[in-house]
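Analysis of the macromolecular model
Each chain is listed here by its residues.
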Amino acid sequence: MVPQKLEVIDTTKSTVTLAWEKPPHDGGSRLTGYVIEASKAGTERWLKVVTVKPTIYEHTIISLNEGEQYLFRVRAQNQKGVSEPREIVTAVTVQDQKDKPSQPGEIEITSIFKDSITLEWERPESDGGKEILGYWVEYRQSGESTWKKCNKERIKDRQFTVGGLLEATEYEFRVFAENQTGLNSCWEVQSSILKNSVVISWKPPEDDGGAMITNYIIEKREAKEGTEWQLVSSSISGTTCRIVNLTENAGYYFRVSAQNTYGISEALEVSSVVVMKPPFGQPGQPVASAVTKDSCVVSWKPPASDGGAKIRTYYLEKREKKQNKWISVTTDEIRETVYSVKDLIEGLEYEFRVKCENLGGESEWSEVSQPVIPKSDVPIQAPHFKEELRNLNVKFQANATFVCKVTGHPKPIVKWYRQGKEIMPDGEKIKIQEFKGGYHQLVITNVTDDDATVYQVRATNQGGSVSGTASLDVEEFLHRHSIGHFDIRPDNIIYFTRRSSVVKIVEFGQARQLKPGDSFRLQFTSPEYYAPEVHHHDLVSTATDMWSKEWNTVVSVARISCGGAIRSQKGVTVAKVKVAPIDIGPIAGQINHTVTEEGGHAKYVCRIENYDQSTQVTWYFGMRQLESNEKYEIKYEEGVATMYVKDVSKSDDGTYRCKVVNDYGEDSSYAELFVKGVREISEHYRCRTIRKVKRRVDTMRLLERPPEFTLPLYNRTAYIGENVRFGVTITVHPEPRVTWFKSGQKIKPGDDDKKYTFESDKATRESLLSYEHYASSEEKITAAEEKSLEERTVHKAFKSTLPATILTKPRSITVSEGETARFSCDVDGEPAPTITWFRAGQPIVSSRRFQVTRTQYKSTFEISLVQMSDEGSYTVVVENSEGRQEAHFTLTVQRAKVPEKTITSPPRIKSPEPPLTPL
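Positions within a chain are numbered from 1, following the residues in the order the chain's sequence is written. With the structure being a predicted model, the display of local features is reserved for residues of pLDDT at least 70 and the display and counting of side-chain atom pairs for 80 or more, all residues being used for whole-chain, interface and lining totals. In computing side-chain values, all of the structure's heavy atoms are included and hydrogens and water are not.

By the naming in an unreviewed UniProt entry, the protein chain goes by Titin and is assigned to Anser brachyrhynchus. UniProt positions are given in the numbering used here, feature names are shortened, and annotations may be inferred rather than shown by experiment. UniProt's Sequence similarities (unreviewed entry) comment on the protein chain is quoted here verbatim: "Belongs to the protein kinase superfamily. CAMK Ser/Thr protein kinase family."

Further remarks concern the overall build of the protein chain. Every helix listed is a DSSP run of H or I at least four residues long, and every strand listed is a run of E at least two residues long, numbered separately from the N terminus. For the protein chain, the count of helices and strands is four helices and 73 strands. Remark: exposure states derive from per-residue accessible area (1.4 Å probe, protein chains only) relative to the maximum for the residue type, with buried under 20%, exposed over 50%, and partly exposed in between. For the protein chain, the residues scored as buried account for 40% of the 919 residues in total. Whether two residues are in contact is decided by their heavy atoms, any of which lying within 4.5 Å being enough. Contacts in the protein chain between residues far apart in sequence, at least 24 positions, make up 65% of those at least 6 positions apart. In these tables, accessible area is a Shrake-Rupley quantity obtained with a 1.4 Å probe, and a residue counts as shielded only by the protein chains included in the view. Carbon and sulfur atoms make up 48% of the accessible area of the protein chain, which totals about 52,000 Å².

Spatial ordering of the open sheet is given by β13-β12-β15, a layout of three strands whose pairing is antiparallel. The sheet terminates laterally at β13 (148-149) and β15 (171-178), the two strands that pair on one side only. When DSSP locates at least two bridges between a pair of strands, those strands are taken to pair. Pairing analysis gives eight bridges linking strand β12 (residues 134-141) to β15, with the strands arranged antiparallel. The partner of Gly134 across the bridge, within β15, is Glu178.

Let us now look at the pairing of strand β71 (residues 858-863). In terms of residue burial, β71 counts as a mostly covered element, since five of its six residues are buried. Pairing of strand β67 (residues 821-830) with β71 involves six bridges; the strand directions are antiparallel. Across the sheet, Arg822 pairs through a bridge with Glu862, a residue of β71. Turn length for the strand β70 (residues 850-854)-β71 hairpin, with the two strands adjacent in sequence and antiparallel, is three residues.

Glancing now at the nonpolar core. Trp837, Phe861, Ile863, Val876 and Leu891 are the most contacted members of the largest nonpolar core, which has 22 residues in total. Residue assignment for this core shows that the elements contributing at least two residues are β65 (802-808), β67, β68 (834-839), β71, β72 (872-880) and β73 (883-894). The contacts of Ile863, once residues within four sequence positions are left out, are Glu819, Thr820, Ala821, Arg849, Phe850, Asp870, Tyr874 and Leu891. Here, the term nonpolar core denotes a set of buried Ala, Val, Leu, Ile, Met, Phe, Trp, Tyr and Cys residues that are joined through side-chain atoms within 4.5 Å. Of all hydrophobic cores here, the second largest spans 21 residues; its members include Ala400, Phe402, Val457 and Ala470.

Looking now at the sheet that holds strand β52 (residues 616-621). Across the sheet, five strands lie side by side as β50-β57-β56-β52-β53; this open sheet has mixed pairing. Two strands close off the open sheet at either side, each with one partner strand: β50 (594-596) and β53 (624-625). In the sheet, β50 pairs with strand β57 (residues 665-675) via three bridges, with the strands oriented parallel. Counterpart to Thr596 in the pairing with β57 is Val675.

All right, on to the pattern of salt bridges then. The salt bridge definition used is simple: a Lys or Arg side-chain nitrogen within 4 Å of an Asp or Glu carboxyl oxygen. Applying the stated criterion across every chain yields a total of 29 salt bridges. In this structure, the salt-bridge partner of Glu351 is Arg319, at a minimum N-O distance of 3.0 Å. One end of the pair, Glu351, is in strand β30 (residues 350-358); the other, Arg319, is in strand β27 (residues 313-320), with 32 residues separating them in the sequence. A salt bridge links Glu333 to Arg335; the nearest nitrogen and oxygen atoms lie 2.9 Å apart. Owing to a relative accessible area of 33%, Arg335 belongs among the partly exposed residues under this scheme.

Moving on, we get to the pairing of strand β55 (residues 640-645). With six bridges connecting them, strand β51 (residues 602-609) and β55 associate as antiparallel partners. Across the sheet, the residue bridging to Lys603 is Tyr644, located in β55. Looking at chain direction, strand β54 (residues 632-637) and β55 are connected through six bridges and run antiparallel. Bridging across to β55, Lys635 finds its partner in Thr642. Hairpin connection from β54 to β55: two residues lie between these consecutive antiparallel strands, with Glu638 at a positive phi of about 50 degrees.

Aromatic contacts are taken between Phe, Tyr and Trp rings whose centres are within 6.5 Å, Trp giving its six-membered ring; a plane angle under 30 degrees counts as stacked, one over 60 as edge-to-face, and the others as tilted. All chains considered together, the criterion is met by 18 aromatic pairs. Where Trp202 meets Tyr216, the ring centres are 5.4 Å apart and the plane angle is 65 degrees; that geometry is what we call edge-to-face. Of the two residues, Trp202 is situated in the loop between β17 (197-201) and β18 (215-222) and Tyr216 in strand β18; the sequence distance between them amounts to 14 residues. Each of the two residues, Trp202 as well as Tyr216, counts as buried. Aromatic side chains Trp837 and Phe861 sit 5.5 Å apart centroid to centroid with 40 degrees between the ring planes, which places their arrangement in the tilted category. With Trp837 in strand β68 and Phe861 in strand β71, the pair connects residues that are 24 residues apart, well separated along the chain. Neither Trp837 nor Phe861 differs from the other in exposure class; each is buried. Through pairs of rings, three or more aromatic residues link up here, namely Phe823, Trp837, Phe850, Phe861, Tyr874 and Phe889. In this arrangement the basic side chain of Arg30 is found over the ring face of Tyr315, its NZ or CZ atom lying 4.2 Å from the centre. Here, over-ring charges are defined by two tests on the NZ atom of lysine or the CZ atom of arginine: distance to the ring centre within 6 Å, and angle to the ring normal within 35 degrees.

Okay, structure coming up:
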């Protein structure tokens, strides 16, 4: 159980920072900490420095003598004792490192899958005067404070794929550059209240008073009258400090002062008292279920509060009921609130208990579970989704319902998560329900923008676990009222706080009420933020706003168009557009019943959704169509249908119907008129009966299932003027109807035969769309199936292969000598094709100047420090079992111009600055 890979990652003139990795095993007992020891070089005397928690793998040793050399070692500790040490063999000199590389550039996420993510980053601005040897990537879950290494060995590429991640979980990443001196520095700020301790953080002063800040002074004071400030530490070199040994439930004030060679600044004090509350409660009582002869599944609820620091792990123990000795069920970390316990003995009675741990320490043990006896021998079947979660898009303050169907034996334990954190139902806002047949349901009532995020469901039994993910989108206020903003660009987006994801949209000068069929003009000065349908005089809808929102941080030059219906005058662009029709049938809203007396009048109002200019409204009394006359006053305007029944008589008692029709469908709504003396409304509801209708069973319908995409859409990228081909494969019989959409609007055959070509292979249910790419931007086209009772399908054999295809060809470029040349290629194919780069018929492999990187469907070829000999033709070849394709491109190299040397005057020496000014 010896710690692994002990190394020095940073030194200053008074500190040394060590890092290590956990032992490969714990020696049969859970680790309780790591012991750090130090010795001056040339002596045999080792001194204990500190013991840190078992979840910490990095520590800074302070108050060392500048210029002295030290040796360091780390031991692992458990309940049985301490391990052999892992030692730094070479003496470490305590000194400032001025020749480390600077921080690598901004990290960019290039691809995301359900369990992995690919990162790219820019080179550091400074290499510290020495060659960059490589990079280290670290990650942590959001809310945690300990970073974990992603790569076991140093990587030379500025791209890395991190695998083994959890779905619907937020992660943070950072990258270190390393040269012969060491790693660049990287300070991380923490802020949380822990058990009997608190972590405070601050920002460096904007003005250092003319000299570098050497250290910070931390003081504390208990929130009682007459108490004085006490020194915590005067040797803090970073901008964060953990203050320990505080009294539980007591209140404290803290303050920080900066110090340099000229003196100490005024103190910066926390704005309010900090109360040391207990970190968190204990987990809920464990429940054992899915019992077999040698296993069971144990689940529990997380504590009501995590105390401000995310729960890192759970510890689950078992014991025989007649024994007092508790035994840990596993040495692995348990991160979820469910665990499959194996290796139980049939016939014995077991109990379980659980506790959790965060940075503040461990909680109390939970209540002991009810005893369980392994005795039944049942076949184990891993959980499986018969019906998976689907993404939802609901209106503001409506209800969102996620539904899935799970099978498995023993019966799986199902848990729901929001952004990686388990959801606890409250019976009002959040409801979790289970129904017969393995159906599970998550209901979120009165949804708001805060509910719009990613949700996950996970089912677990002894056979394993399976998870599904879906997103919830909440329709915005503007779009709920059929208003298009049409001017969403960075200037008009305001974040509520610097770290907030909640935005406020301003500047409504271009906003329009969307009435299908209307035409209007838009004036704008930033055409790059406007969607292609605006530039090309196409149909617009609320989906047009989504183009700007999706790309508000990455703007492509190709998106700027200058043809069609665009006019430009002195920087102002004018586009004439037409509002798209609503491709959903009208919806007649509920009509309230009316009670009146003879001689009175009745009013009925029906509010219609998805109406357009073709919408027509007809009122009926029973089967008789009503016309506007002295008896009936009928009006319809802007989606509101109104009818008055005047001079009510007994013969007017009955059922009235409002029928709504337009080009996309029809709908009806009904209401009753109760005339006193004829019918009573109470009798109407009390006497209603529901008749059971015997239906004829169609044996073929019993086999029907909704259509499924067995080969989904893939993104495509093309140059202007190229053709684009999209294809999907769908289950067959009975034949489903396939509809293609562009920017949320249906593409109908015959709309533009020169631009769109539709193909269909009924044998394999392949649906293909060829798209002549006139637009000067990347346009998304998605496919969706229409499901109905009349169109359900049976799963048949399908084609799941696709020839290797180059989607984006590498472009020929010209660079100057000494610069970097970069080529990229997007591909498609099933199975995933191989991608090979060639020059003069020889394959290119990664070397010091040539770097070839690839993901499943993209490859990048980069030449650093380009030389004149690199000029010439190159080829990229993609190939799979279904086909082969290649593309050619050239690299042209220009000789670098040698700048003329200029003579500059020597630098001036600045006189000492006055003392440090207050923070």
